[in-house]
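# Observations on the model geometry
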Amino acid sequence: MRKILFSPSICTGGYQDVRETLQWLEEKGADHIHIDIMDGQFVEPIMGGVDYVNMVRANTKLPIELHFMTSGPEKFLKMYDILPGEWIYIHPDTTYHPHRLLQTIRAKGAVPGIVVSVNNEPEDFEELYADSEAVMLMGVTPGCPGSTFHEPVFRKIQRIRQICAEQGLVRPVEIDGSVGPKNLEALMRAGFDNVVLGYPGCFDPIMGREYTMGLMTKLAENFYTESENTGEEQA
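Reference entry: report on the structure contained in this document. (Residues numbered from 1 in each chain as written. Predicted model: local features only at pLDDT ≥ 70, side-chain atom pairs only at ≥ 80, totals over all residues. Heavy atoms only, no water.)

## Quick look at the packing of aromatic side chains
Here is the rule we go by: Aromatic rings from Phe, Tyr and Trp, taking only the six-membered ring of Trp, are treated as a pair when their centres fall within 6.5 Å; an angle between ring planes under 30 degrees marks them as stacked, one over 60 as edge-to-face, and anything in between as tilted. Secondary structure elements follow DSSP: runs of H or I no shorter than four residues count as helices, runs of E no shorter than two count as strands, and numbering proceeds from the N terminus. Partly exposed describes any residue whose relative accessible area lies between the buried limit of under 20% and the exposed limit of over 50%, with all areas from a 1.4 Å probe on protein chains only and scaled to the type maximum.
All told, the structure shown has three aromatic pairs when counted by the stated rule. When the centroid spacing of 5.1 Å and the interplanar angle of 50° are considered together, the rings of Tyr15 and Tyr52 count as tilted. Remark: Tyr52 occurs in helix H2 (residues 50–58) and Tyr15 occurs in the loop between strand S1 (5–8) and helix H1 (18–27); sequence separation between them is 37 residues. Look at Tyr15 and you get partly exposed, because its relative accessible area is 47%. Relative to Tyr80, the ring of Phe68 lies with its centre 5.5 Å away and its plane at 85°, an arrangement referred to as edge-to-face. On the criterion of sequence distance, the pair formed by Phe68 in strand S4 (residues 64–69) and Tyr80 in helix H3 (residues 73–80) is long-range, its members being 12 residues apart. Summarising the burial analysis for this pair, Phe68 and Tyr80 share the class buried.

Here's what the structure looks like:
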């Protein structure tokens, strides 16, 4: 059985002692480090500057995910000097030339990914799955952490799988937004390959990161054990 990947959103861990947070995440078995890059235009917040991203890069051995919640992401790719092996997610409806942008990302040795947001349907980007190597579904409106979870993602992931199968493609699907103990099992059962962990899934301000990350790990392990015992496979 494939293992679901945990991608903690480092920005939700606070901006103090980031190096210590990164070391802690590695010790707790995180798989990727997720960084939101917001420009104050496509979404209201501004975060994830170049210096911050470079600092994270320099202080972790884990693969980096850069989620560009920006208008005109092609301008930002030049600023951030995309590195081989990084996962780069763009919102296709924020650029006039998504095909070319995805090809540019691949040419840099990075993993090009597209984001299907809450106001998008999988069919909206049907022609882009071949140019991408990963797909992200938004569980909340971009730039609005803590919002109500977008339940249609369970329908959307099945449609994405169907579209990709029709095109002879296999693409990992990630979920970003309001992922936590309450919905992790349902997301795993639906077949998500990767989950971004923000406040509810890792950096819970009330319960604390040790408890929250430990609970998420335990829930995942219990799911694997149950599935192995029953012979059930993820979707």
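## Considerations on helix H7 (residues 209–230)
Since the α-helix turns once every 3.6 residues, residues separated by three or four places project in the same direction. The test is simple: Multiplying one less than the number of residues by 1.5 Å gives the expected span of a helix. Throughout, the arc means the angular range of directions from the helix axis out to the C-beta atoms. Any two residues whose heavy atoms approach within 4.5 Å are treated as being in contact.
The first and last C-alpha atoms of H7 sit 31 Å apart over 22 residues, in line with the 32 Å expected at 1.5 Å per residue. Turning to H7, its buried residues number three or more, namely Thr212, Met213, Met216, Ala220, Phe223, Tyr224 and Ser227. The buried residues of H7 occupy an angular sector of 110° when the element is viewed end-on, so they sit on one face. Exposed residues lying more than 90 degrees from the buried face of H7 are Glu228, Asn229 and Thr230. Along its buried surface, H7 packs onto S1, H1, helix H6 (184–190) and strand S9 (194–197). At the exit of H7 stands Gly231, carrying a positive phi of roughly 75°.

## Comments concerning the nonpolar core
This is how it is decided: Throughout this description, the term nonpolar core refers to a set of buried Ala, Val, Leu, Ile, Met, Phe, Trp, Tyr and Cys residues connected via side-chain atoms within 4.5 Å.
Ile10 and Ile35 are the most contacted members of the largest nonpolar core, which has 61 residues in total. The residues touching Ile10, leaving out its near neighbours within four places in the chain, are Val18, Thr21, Leu22, Leu25, Ile33, His34, Ile35, Tyr52 and Val56. Counting eight residues, the second-largest nonpolar core is a separate cluster that includes Trp87, Met136, Met138 and Val140.

## A few points about unusual backbone geometry
Despite not being glycine, Asp17 shows a phi value in the positive range, around 55°. Assessed through its relative accessible area of 59%, Asp17 is described here as exposed.

## Here we look at the environment of Phe76
Assignment of secondary structure puts Phe76 in helix H3. Of the residues examined, Phe76 reaches a relative accessible area of 16% and is grouped as buried. Linking Phe76 and Met55, residues 21 residues apart in sequence, is a C-alpha distance of 17 Å. When neighbours within four sequence positions are excluded, Phe76 is seen to be in contact with Asp39, Phe68, Thr70 and Ser71.

## Remarks on the sheet that holds strand S5 (residues 87–90)
Definition in use: Pairing between strands requires that DSSP locate at least two bridges from one strand to the other.
One open sheet holds the nine strands; their spatial order is S1-S9-S8-S7-S6-S5-S4-S2-S3, and the pairing between them is mixed. Among the strands making up the open sheet, the edge pair consists of S1 and strand S3 (46–47). Judged from the four bridges that link them, strand S7 (residues 134–138) and strand S8 (residues 173–176) form a sheet pairing that is parallel. Counted as the bridge partner of Val135 is Val173 from S8.

## A closer look at the packing of H1 against H7
Threshold: Fitted lines through C-alpha atoms serve as axes, helices being fitted only where they are in contact, and the angles separating the N-to-C directions of these axes extend from 0 to 180 degrees. Should an angle fall under 35 degrees it is taken as roughly parallel, and over 145 as roughly antiparallel, whereas 65 to 115 is taken as roughly perpendicular and any remaining angle as oblique. What makes a crossing left-handed is the near helix being turned counterclockwise from the far one by less than a right angle; a clockwise turn instead makes it right-handed. All residues other than Ala, Val, Leu, Ile, Met, Phe, Trp, Tyr, Cys, Pro, Asp, Glu, Lys and Arg, Gly among them, are scored as polar; the first ten of these are nonpolar and the last four charged.
Their axes nearest at 12 Å, the elements H1 and H7 cross at an angle of 30°. Viewed along their axes, H1 and H7 adopt a mutual orientation that is roughly parallel. As H1 packs across H7, the resulting crossing turns out to be right-handed. Only Arg209, Glu210 and Met213 of H7 make contact with H1, whose side of the interface consists of Glu20, Thr21 and Trp24. Taken together, the residues of the contact of H1 with H7 break down into two nonpolar, one polar and three charged.

## Here we look at the pattern of salt bridges
Pairing between side chains of opposite charge can happen when their charged atoms approach one another. Short version of the rule: When a carboxyl oxygen of Asp or Glu lies within 4 Å of a side-chain nitrogen of Lys or Arg, that pair is called a salt bridge.
Scanning all chains against the criterion turns up nine salt bridges. Ionic pairing is found between Glu210 and Lys28, a salt bridge with its closest N-O pair at 3.1 Å. Within this pair, whereas Glu210 is found in helix H7, its partner Lys28 is found in the loop between H1 and strand S2 (33–39), the two being separated by 182 residues in sequence. Owing to a relative accessible area of 44%, Glu210 belongs among the partly exposed residues under this scheme. Of the charged contacts, one joins Arg159 and Glu123 as a salt bridge, the two residues approaching to 2.6 Å between their closest N and O atoms. Within this pair, whereas Arg159 is found in helix H5 (residues 153–166), its partner Glu123 is found in the loop between strand S6 (111–116) and S7, the two being separated by 36 residues in sequence. The class for Arg159 is partly exposed, based on a relative accessible area of 22%. Looking at Glu123, the relative accessible area reads 34%, which means it is partly exposed.

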